[in-house]
Amino acid sequence: MSGNSFGKLFTVTTFGESHGAALGCIIDGCPPGLELSEADMQRDLDRRKPGTSRHTTQRREADEVKILSGVFEGKTTGTPIGLIIENTDQRSKDYSKISEQFRPAHADYTYTHKYGVRDYRGGGRSSARETAMRVAAGAVARKFLEQRLGIKIRGYLSQLGPIKAEKLDWDQVHQNPFFCPDADKVPEMEAYMDALRKEGDSIGARINVVADGVPPGLGEPIFDRLDADLAHALMSINAVKGVEIGAGFDSVEQKGTEHRDEMTPEGFLSNNAGGVLGGISSGQPIVASIALKPTSSLRLPGRSIDVNGNPVEVITTGRHDPCVGIRATPIAEAMMAIVLMDHYLRHRGQNGDVEVSTPVLKQL
Ligand SMILES: C=C(O[C@@H]1CC(C(=O)O)=C[C@@H](OP(=O)(O)O)[C@H]1O)C(=O)O
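Residues numbered from 1 in each chain as written. Predicted model: local features only at pLDDT ≥ 70, side-chain atom pairs only at ≥ 80, totals over all residues. Heavy atoms only, no water.

## Regarding the site of the ligand
Lining the immediate surroundings of the ligand are 14 residues, of which His19, Arg48, Arg59, Tyr95 and Arg129 lie closest. Arg48 places a side-chain nitrogen or oxygen 2.7 Å from an oxygen atom of the ligand. Between Arg319 and the ligand, the recorded distance is 3.4 Å, taken from a backbone N or O atom to an oxygen atom. Here the ligand loses 94% of its free accessible area of 460 Å² to cover by the protein chains. (Near = heavy atom within 4 Å. Polar contact = N/O pair within 3.5 Å; in protein donor to acceptor, adjacent residues only side chain to side chain. Areas by Shrake-Rupley, 256 points an atom, 1.4 Å probe, with all protein chains shown as cover.)

Printed below as a string of structure tokens:
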């Protein structure tokens, strides 16, 4: 397999390049009977699309999705769902200067070594523009999970460079261009990004994603643990350099008595596990966090080499996100939805008729 598909029973295959004709995806394995229209996906696509604030790339794409197949009279038929989004605002000449050079920290260099050819226009297939299709596919999974199981998946930006959100107010997340849940930090983030843009530099970010209402039992030990698949899915998002589940790397400094999530008949007393025990969902909220690196396309000159190995100074012109993390919240939510959907179908397949008398604990 060449790495363009994800999932075992709910599979998502994406195709397309940033400056090609279109982005597309095939979702296979979606159960029949789910009401589905373009509007269901457009809501999330609009949250991710470029050009919505001065803090993102100024490329203007409507990211209007069209359903090509798999839906009849407003409902999924169980056959492959084909989706397409046309690219409309490519400016490939911005990239002609770097067609034979490698941007430091960019996939330019590794794509060349792997394939021998490179679509240098906007990063080609390595562009984060590809994530639009993950968001569309994630919206289908999200709708099924919400309607059939009451699962709610929400994300937020918890840190932008040095600025950390200190409050988690879900109502605030969509009140600002950063997906920041702490209104008090927004002016600081705006000032930081304005200064950074003037400087021409970029910055990293952290995104948290939470799924509430996930039933216990999802996840396939040993190699397809739910947390392993989540890490796979989240790490596959462009620019992600770290993934944590629950307490994550803080577990290093915790003692067992502190880390363990004690159980009472009333519910779990904490959630250091991030909702996964032994690779299987526990019924607690699934909690993941990702670190995104700073964008590598910079107008500030950097040392590199050309395709022949000669030293060059690289300057990237064009339109770029000074912080890719700012638009990453809907992408992380989508990847979590795809993983949970896939594991729900897998669990239903093997264990759909398992009955246990042990009560399902709430999270206190
Ligand atoms: C278009 C999107 O983001 C693009 C992601 C991207 C990159 O190299 O990842 C580079 C830029 O592309 P271009 O130079 O063609 O404007 C961004 O605008 C998008 O997310 O939809």
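## Some points on the pattern of salt bridges
Scanning the model with the defined rule gives 29 salt bridges in all. Note that Glu130 and Arg134 form a salt bridge whose closest N and O atoms lie 2.8 Å from each other. Here Glu130 and Arg134 have matching classes, each one buried. A cluster of three or more residues bridged by salt bridges with shared partners is formed by Lys8, Asp224, Asp229, Asp342 and Arg346. (Salt bridge = Lys/Arg side-chain N within 4 Å of Asp/Glu carboxyl O. Buried < 20%, exposed > 50% of the residue type's maximum accessible area, 1.4 Å probe, protein only.)

## Topic: the environment of Asp94
Residue placement: Asp94 occurs in the loop between strand E7 (81-86) and helix H2 (108-115). Spatially, the C-alpha atom of Asp94 lies 31 Å from that of Ile26, the residues being 68 residues apart in sequence. Not counting residues within four places of it along the chain, the set of residues in contact with Asp94 comprises Thr317, Gly318 and Arg319. (Helix = DSSP H or I, 4+ residues; strand = E, 2+ residues; numbered from the N terminus. Contact = heavy atoms within 4.5 Å.)

## Some remarks on the UniProt feature "binding site: NADP(+)" (unreviewed entry) in the protein chain
Mapped onto this structure's residue numbering, the UniProt feature "binding site: NADP(+)" (unreviewed entry) falls at Arg48 and Arg54. By secondary structure assignment, the location of Arg48 is in helix H1 (residues 38-48). For Arg48, a relative accessible area of 2% corresponds to the buried category. Contacts of Arg48, omitting those with residues within four sequence positions, involve Asp63, Ala128, Arg129, Thr131, Ala132, Val135, Arg327, Pro330 and Ile331. A distance of 3.0 Å separates a polar atom in the side chain of Arg48 from a polar atom in the side chain of Asp63. Looking at the element boundaries, Arg54 is found in the loop between H1 and strand E4 (65-67). Since its relative accessible area comes to 42%, Arg54 is described here as partly exposed. If we ignore the near neighbours within four places in the chain, the residues touching Arg54 are Glu190, Asp194 and Arg197. Here Asp194 takes part through its side chain, which lies 2.9 Å from a polar atom of the side chain of Arg54. (UniProt positions renumbered as here; feature names shortened; annotations may be inferred.)

## Details of the environment of Val276
Here Val276 shows up in strand E14 (residues 276-277). On the basis of relative accessibility, which here comes to 6%, the residue Val276 falls in the buried class. It is 6.6 Å that separates the C-alpha atoms of Val276 and Asp227, two residues lying 49 residues apart in sequence. Excluding residues that lie within four positions of it along the chain, Val276 makes contacts with Leu226, Asp227, Ile245, Ser281, Ser282 and Ile286.

## Considerations on the packing of aromatic side chains
Working definition: an aromatic ring pair is given by the centre-to-centre distance plus the angle between the planes. Summed over the entire model, instances satisfying the criterion amount to four aromatic pairs. Centre to centre, the rings of Tyr111 and Tyr115 are 5.6 Å apart; their planes meet at 50°, and the pair counts as tilted. Linking Tyr111 with Tyr115, this pair stays in helix H2, spanning four residues, or about one helical turn. Plain terms: the ring middles of Tyr156 and Trp170 are 5.3 Å apart, the flat faces sit at 85° to each other, and that makes the pair edge-to-face. With a gap of 14 residues between them, Tyr156 in strand E8 (residues 152-160) and Trp170 in the loop between strand E9 (163-164) and helix H4 (186-199) connect regions that are remote in the sequence. Take Tyr156: its relative accessible area is 10%, and that puts it in the buried class. According to the relative accessible area criterion, Trp170 is partly exposed, its value standing at 24%. The residue whose ring lies beneath Lys114 is Tyr115, and the NZ or CZ to ring-centre distance is 5.8 Å. Above the ring of Trp170, the side-chain terminus of Arg154 is found at 4.1 Å from the ring centroid. (Phe/Tyr/Trp six-rings, centres within 6.5 Å; stacked < 30°, edge-to-face > 60°. Lys NZ or Arg CZ within 6 Å of the ring centre and 35° of its normal.)

## Some details on the UniProt feature "binding site: FMN" (unreviewed entry) in the protein chain
Here, UniProt's "binding site: FMN" (unreviewed entry) annotation points to Arg125, Ser126, Ser127, Asn238, Ala239, Gly278, Lys293, Pro294, Thr295, Ser296, Ser297 and Arg319. A stretch of 195 residues holds the annotated residues, and the largest C-alpha distance among them is 44.0 Å, long enough that they do not meet in one place. Counting through the fold element by element, Ser127 comes out in the loop between H2 and helix H3 (131-149). Residues in contact with Ser127, not counting those within four places in the same chain, are Ser18, Gly122 and Asn238. Separated by 3.5 Å, the side chains of Ser127 and Ser18 make a polar contact. The contacts of Ser296, once residues within four sequence positions are left out, are Pro104, Ala105 and His106.

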